[in-house]
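# Commentary on secondary and tertiary structure
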Amino acid sequence: MRPALDQLARQLAGPFAFCGIAVSHGGTDSFHVATAPNIAGKDTSLMRVASISKIVTGLTLAETIRRSGLTTGYDTHASDVLGWSLRHPKYPEDPITLGMLASHSSGITDAAGYAISPKTDLRNWMALHDDEVFGDAPPGTRFDYSNLGYILLAACIERLGQARFDLRARAYVLAPLHLLGGFNWSGVSNAHRLRAIPTYRRGPDGFAPMIDQHVAAEGVLGAEGHPHHLGGYALGSNPALFSPQGGLRMSLRGMLRLAGSLNEAELPVLWSPDMGEMDNPHCLFDRYSTGVQMFRAPDFYPRPMVGHFGSAYGFKGGVFYDAEADLAFAYALNGVAMDDESDALSASERAVLDAVANLKE
């Protein structure tokens, strides 16, 4: 099947600027990469991996809780950690917990957006947008996927861990797993930044870079590629500048290593469909852990698996572990069509998932 993965990667390069498929199975890692003409990229090239980032953010939370000695764990009230009141305005008596933020069941939505200026205090922004941020359901009763929730979660990590989010993520997850990369390029050397692949969109005139066309030699970078000034940054004030919801830069090799680190037995189930309503238009959610999607019987793969999909700015990808087959895999499709904003699995993604699933046979 390995030649079949090579062939599939070549087929998808063209519709996509970069296609990468990585598999760890039977004691062997294999990488299958192809690019469109005039596009450079390898399995070690760093790119923005969208919501796959939430795995690292969630694992950082888990380790922060463990090291803090919090006896209440994921049931800890977020307000107690943040130092200010985070409450649903319609249900002010119902606490929002760390577990609810991690599992998208806090009542917080993305209706007000989550592109918060680095110069804006998160607490003030939340107070200004309270009526837009929250949905109709009480905290803990409905799953609504929320990027904003992960920015608030990163603020909790900073307050609880007494260090910047990007530094905690490196110390607690990236470094122990020997993962090269960082949130908005934090901690990544200039030499490795030179390996960057922009996040592309495919238009009538070819592939246009959306993010990381120009990457500064150092610093934590915004979407435009310019460094943020972190002097005087107050912990918990606004970790949106690190993009904890989707700003991790990582290579295909790193994605595969991250997939292989996932152990369902060690992942708490923080949300399950039997706990309440679920916003799930594309059937891409089942149970949810701390930054990890947990599929028991997905319709797009023949066995249970854990990991996370990512889709943003022209990137589609996934990082997963299939315990039954003892198979870890990752894929990156970079260069989605300019007018394609769908979060549903594409035909190309389903082709990758089918090809990987057949490796067990």
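Bear in mind the structure is a predicted one, so any value in this text is a computation, not a measurement.

### Considerations on the overall build of the chain
- Looking only at helices and strands, the chain features ten helices and 17 strands.
- Reported as C-alpha extents along the three principal axes, the dimensions of the chain are approximately 55 × 45 × 40 Å.
- Per-residue burial over the chain gives 55% buried out of 361 residues.
- Across the chain, contacts joining residues at least 24 apart in sequence account for 67% of those joining residues at least 6 apart.
- Just so you have it, the chain exposes about 14600 Å², and 49% of that area is on carbon and sulfur atoms.

### Overview of the packing of helix α1 (residues 2-12) against helix α10 (residues 347-357)
- Where α1 meets α10, the axes come as close as 11 Å, and the angle between the chain directions of the two elements is 175 degrees. In terms of orientation, α1 lies roughly antiparallel with respect to α10. Contacts from Leu5, Leu8 and Leu12 of α1 reach α10 at Ser348, Ala351, Val352 and Ala355.
- Classifying every residue of the contact of α1 with α10 gives six nonpolar, one polar and no charged.

### Details of the pairing of strand β5 (residues 91-95)
- Relative to β5, strand β4 (residues 87-88) is paired through two bridges, and the arrangement is antiparallel. Opposite Arg87, over in β5, you have Pro95 as the bridge partner.
- Between β4 and β5, which pair antiparallel and follow one another directly, the connecting turn spans two residues.

### What to know about the sheet that holds strand β7 (residues 181-183)
- Taken in spatial order, the three strands make up an open sheet running β3-β10-β7, and their pairing is antiparallel. In the strand order of this sheet, the two ends are held by β3 (47-48) and β7, each with one partner.
- Packed onto the sheet, helix α7 (residues 165-174) meets β7 and β10 (248-250) and runs at close to 145 degrees relative to β7.

### Some words on the environment of Asn334
- Mapped onto the secondary structure, Asn334 falls in strand β16 (residues 327-334).
- Between the C-alpha atoms of Asn334 and Asp6, which are 328 residues apart in sequence, the distance is 17 Å.

### Things to note about the sheet that holds strand β2 (residues 28-35)
- Judged by pairing direction, the sheet is antiparallel, and its seven strands sit side by side in the order β2-β1-β16-β15-β14-β13-β12 without closing on themselves. The two strands at the open ends of the sheet, each matched to only one other strand, are β2 and β12 (287-288).
- Strand direction decides the pairing type here: β12 and strand β13 (residues 293-295), joined by two bridges, are antiparallel. Among the inter-strand pairings, Arg287 is bridged to a residue of β13, identified as Met294.
- Strands in contact with α1 are β1 (18-25), β2 and β16; relative to β2, the strand with the most contacts, it is inclined by about 25 degrees.
- Across the sheet, α10 lies against β1, β14 (305-312), β15 (315-322) and β16, angled at about 160 degrees from β16, the strand it touches most.

### Re the pattern of salt bridges
- Under the criterion given, the structure shown has twelve salt bridges.
- In this structure, the salt-bridge partner of Glu63 is Arg67, at a minimum N-O distance of 2.7 Å. On the criterion of helical spacing, the pair formed by Glu63 and Arg67 is a turn pair, its members being four residues apart in helix α2 (residues 53-68).
- Each of Glu63, Arg66 and Arg67 takes part in salt bridges that share partners, so that together they form one network.

### Thoughts on the packing of α2 against α7
- The N-to-C vectors of α2 and α7 enclose an angle of 85 degrees; their axes lie 9 Å apart at closest approach. What the angle tells us is that α2 and α7 run roughly perpendicular. Every residue of α7 that contacts α2 at Val56, Thr57, Leu59, Thr60, Glu63, Thr64 and Arg67 is listed here: Phe165, Arg168, Ala169, Tyr172, Val173 and Leu174.
- Of the residues in the contact of α2 with α7, the class split is seven nonpolar, three polar and three charged.

Cut-off values and rules
Residues numbered from 1 in each chain as written. Predicted model: local features only at pLDDT ≥ 70, side-chain atom pairs only at ≥ 80, totals over all residues. Heavy atoms only, no water. Helix = DSSP H or I, 4+ residues; strand = E, 2+ residues; numbered from the N terminus. Buried < 20%, exposed > 50% of the residue type's maximum accessible area, 1.4 Å probe, protein only. Contact = heavy atoms within 4.5 Å. Areas by Shrake-Rupley, 256 points an atom, 1.4 Å probe, with all protein chains shown as cover. Axes fitted to C-alpha atoms, helices over the stretch in contact; angles between N-to-C directions. Parallel < 35°, antiparallel > 145°, perpendicular 65-115°, else oblique. Nonpolar A, V, L, I, M, F, W, Y, C, P; charged D, E, K, R; others polar. Pairing = 2+ DSSP bridges. Salt bridge = Lys/Arg side-chain N within 4 Å of Asp/Glu carboxyl O.

Without other data, these values stay purely geometric and don't point to any function.
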